[in-house]
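Listed here are the chains, written in short residue letters.
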Amino acid sequence: LHWTNKGDNISPLIDILKYTSKINDITLFLYGVFYRSGQCSLETGFSLSCSNIIVLKKCIQIFNINYVHARLEFIKKRENGVYTAKASGNITSIILNYINIFYCGIYKKVPNIVLNSTYKSKLSFMRGYYNSNKNKNKYILTNLGQIGTQGLYILLNDLNFNVNINSDIIHSLDDSSKYYT
């Protein structure tokens, strides 16, 4: 996805703990980070990976406030500079909820709760998404999957950005992954 700025800038990292007008907006920041760099399944659990330790720490706080029967904890920094946090405790219902709202087959989608939310809430989601991106390019995002890319397109368009989508084949282990930029 390529965009040009027509309005607000999504790049500044907000102090999400001061941004308390709605708990929903804070949760949507966490959703943005999860969309970009989180994963969950009943087999592997729930985890977030992020190259920005400040963003990951804020997500840990948000997760632990929202889910009282589970705990998200920092576990390690990998050699590539990415930090990881993993959930423990009673996480089955959390995982099933995230699978339900984020996944369409094997790919992620932008949740309907985000697409149908207010401008401010959409901006919070995009700030989470953007600030968790390791290889930030000011105006280029990459995404795997058509439905998720369409959701990002709609979201950025709703935030008053001019957006276009390019389809690039990037070789992967199975040589079949198609990334959208």
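Just above, that's the structure.
As the structure is a prediction and not an experimental result, all values here were calculated from the model.

S.K.: Would you take a moment to explain the environment of Ser 51 for this structure?
M.R.: Take Ser 51: it is sitting in the loop between strand S3 (45-50) and helix H2 (53-66). Classification of Ser 51 by relative accessible area gives partly exposed; the value is 26%. For the pair Ser 51 and Tyr 83, spaced 32 residues apart in sequence, the C-alpha separation works out to 5.7 Å.

S.K.: Explain helix H6 (residues 146-158) to me, please; I cannot follow it from the model alone.
M.R.: Residues separated by three or four positions in an α-helix point in the same direction, a consequence of the helix having 3.6 residues per turn. With 13 residues, H6 should cover 18 Å at 1.5 Å per step; its first-to-last C-alpha distance of 18 Å lies within 8% of that length. Along H6, the positions that sit buried rather than exposed are Gly 148, Thr 149, Gly 151, Leu 152, Leu 155 and Leu 156. Take H6 and look down its axis: the buried residues cluster within an arc of 155 degrees, on one side only.

S.K.: I tried to follow the pairing of S3 on my own but got confused; where do I start?
M.R.: Each regular strand displays side chains that alternate between the two surfaces of the sheet. In terms of burial, S3 is a largely internal element, six of the six residues being buried. Bridge analysis of S3 against strand S5 (residues 83-89) gives four bridges, and the strand direction is antiparallel. Bridge pairing in S5 places Ser 47 opposite Lys 86.

S.K.: Teacher, can you tell me more about a nonpolar patch on the surface here?
M.R.: Judged by side-chain polarity, Tyr 153, Ile 154 and Ile 165 come together as a nonpolar surface patch covering roughly 220 Å² of accessible area. Among the secondary structure elements, Tyr 153 is positioned in helix H6.

S.K.: Would you explain the environment of Gly 38 in this entry?
M.R.: Of note, Gly 38 is situated in strand S2 (residues 38-41). Sequence separation between Gly 38 and Cys 50 is twelve residues; the distance between their C-alpha atoms is 8.5 Å. In this structure, Gly 38 is in contact with Val 33, Ser 47, Leu 48, Tyr 103 and Lys 108, ignoring residues within four places of it in sequence.

Rules used throughout
Residues numbered from 1 in each chain as written. Predicted model: local features only at pLDDT ≥ 70, side-chain atom pairs only at ≥ 80, totals over all residues. Heavy atoms only, no water. Helix = DSSP H or I, 4+ residues; strand = E, 2+ residues; numbered from the N terminus. Buried < 20%, exposed > 50% of the residue type's maximum accessible area, 1.4 Å probe, protein only. Expected span 1.5 Å × (residues − 1). Arc of directions from axis to C-beta. Pairing = 2+ DSSP bridges. Patch = residues over 30% accessible without salt bridge, like charges linked within 9 Å, V, L, I, M, F, W, Y side chains within 5 Å. Areas by Shrake-Rupley, 256 points an atom, 1.4 Å probe, with all protein chains shown as cover. Salt bridge = Lys/Arg side-chain N within 4 Å of Asp/Glu carboxyl O. Contact = heavy atoms within 4.5 Å.

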